[in-house]
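Here is what each chain is made of, one letter per residue.
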Amino acid sequence: MSFLQDTLSVFKKRDLVLLDSYKESDGVYTFLFEKEKDVTWQAGQHGLFSITHKKIKNPIRPFSVASAPSENTIKITTSISDNPSDFKRAMLELEEGMKIRMSGPVGSFYLRDNCPTFLIAGGIGITPFRSIIKQIEANGDTADQSIHLLYLDSSQSYLFKDEIDTIASSTSINVTYLASRDELYQKIDEITNSYSNDGRFFISGPKSMVDSMHSYLQDNNISKRNIKKSAFFGY
C-alpha cells in the first residue's frame, strides 16, 4: 500500500458494529466487529479507532487489526488493566450492536517480499502477527519463504498459541516461544550469525521492548531499512 493510499485511507471513516467481545486471559480482551465487504487491508496494518457512544478525552487510539483480510470480522485484542483509561473503560462498555469508528487501516508493517522474515513479538504485540499468520494460511503456504516467529512473553500466557501452533504445523512457519529478554537476545544472536543481511525483521510490542530490539539488531549489523517496528503504548 502506497503512502498516497495510506493517506486516503485515513480520511475514510466507517462505523463498525460490535458482534462480540470476550476475555482472552487476565487483563486481555478481544472485540469483534462486523467487516463490510469493501473493507480490506494488508495483514499487519493498524487502524485508528474512535469511541462514539460517549464523550471522552482523547477518543481516538491506534490498534493493530488482529484479524486477517480473509476473515469475516475486524478483530481488536488489547490489554485492559483493573484501573483502565477512559478509552479502555469505554471499550468495556461496548455491547453487541453498538458501534466504534475506524479510519484506515494504514501503515507499512506488512510482508512485501520472499526474503527470510523474522517476526519478533513481545506480549500483546502478537496481534499484527496473528493477522499475518492467518493470511499466510488463507493464501496457502509459501514454502519458498522462510518465516520464523519469535514470541516473547514473560508471563508465558502466549495469546493465540493454540491457533498459531495449528497453523505452524501445516505451513513452513517456525515458532519459538521465549520467556525472557535474555532468551530472545540469544536467539537473535543465532539468527544473525546464520543469515546474511537480506533478512527482514518485524518487531511488535511495548515501546521499550521494540526500541531495545531495534537497537540490538542494528548492533548486530542488521540494516535499519530491513527492520520494521510497531510500538504499543498503554492507554
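Structural notes, computed from the coordinates. All residue numbers refer to position in the chain's written sequence, counted from 1. Only residues with pLDDT of at least 70 get local features here, since the model is predicted, and only at 80 or more are side-chain atom pairs given and counted; chain-wide, interface and lining totals rely on the full set of residues. Values shown for side chains rest on all heavy atoms present in the structure; no hydrogens or waters enter the calculation.

On to unusual backbone geometry, then. The omega angle of the peptide bond from Gly104 to Pro105 is 5°, so this bond is cis rather than trans. Numbering of helices and strands starts at the N terminus; helices are DSSP runs of H or I of at least 4 residues and strands are runs of E of at least 2. The topology assignment puts Pro105 in strand E6 (residues 99–106). A positive phi angle, near 45°, is found at Tyr158, a position not held by glycine. By relative accessible area, Tyr158 is classed as buried at 9%. We call a residue buried when its accessible area falls under 20% of the maximum for its residue type, exposed when it is over 50%, and partly exposed in between, using a 1.4 Å probe and counting protein chains only.

What follows is about the pairing of strand E10 (residues 200–206). In terms of burial, E10 is a largely internal element, 5 of the 7 residues being buried. A pair of strands counts as paired when DSSP detects no fewer than two bridges linking them. Both strand E7 (residues 117–122) and E10 contribute to a ladder of 5 bridges, which runs parallel. The residue of E10 that forms the bridge with Phe118 is Phe201.

A few words now on the pairing of E7. Where burial is concerned, most of E7 is hidden: 6 out of the 6 residues are buried. Here E7 shows two buried faces, one formed by Thr117, Leu119 and Ala121 and the other by Phe118, Ile120 and Gly122. Direction of pairing for E7 relative to strand E8 (residues 147–152): parallel, over a ladder of 6 bridges. Bridging from a neighbouring strand, Ile120 pairs with Leu150 of E8.

On to the packing of aromatic side chains, then. Each Phe, Tyr or Trp ring (for Trp, its six-membered ring) is paired with any other whose centre lies within 6.5 Å, and the angle between the two planes then decides the class: stacked below 30 degrees, edge-to-face above 60, tilted in between. Counted under the stated rule, the structure contains 9 aromatic pairs. Ring geometry for Phe118 versus Phe201: centroids 4.9 Å apart, planes at 20°, classification stacked. Highlighted residues: Phe118 in strand E7 and Phe201 in strand E10, separated in sequence by 83 residues. This pair shows no difference in class: Phe118 is buried, exactly as Phe201 is. Among the aromatic side chains, those forming a connected cluster through ring pairs are Phe49, Phe63 and Phe87. Consider the ring centre and the ring normal. A charge sits over the ring if Lys NZ or Arg CZ is within 6 Å of that centre and within 35 degrees of that normal. Over the aromatic face of Phe160 sits the side chain of Arg130, whose NZ or CZ is 5.9 Å from the ring centroid.

Here we come to the side chain of Ser64. Relative to the assigned elements, Ser64 resides in strand E4 (residues 60–64). Given a relative accessible area of 5%, Ser64 falls into the buried group. Residues within four places of Ser64 in sequence aside, it is in contact with Gln45, His46, Lys75, Thr127, Pro128, Ser230 and Phe232. Contacts were defined at the residue level, with two residues in contact if any of their heavy atoms lie within 4.5 Å.

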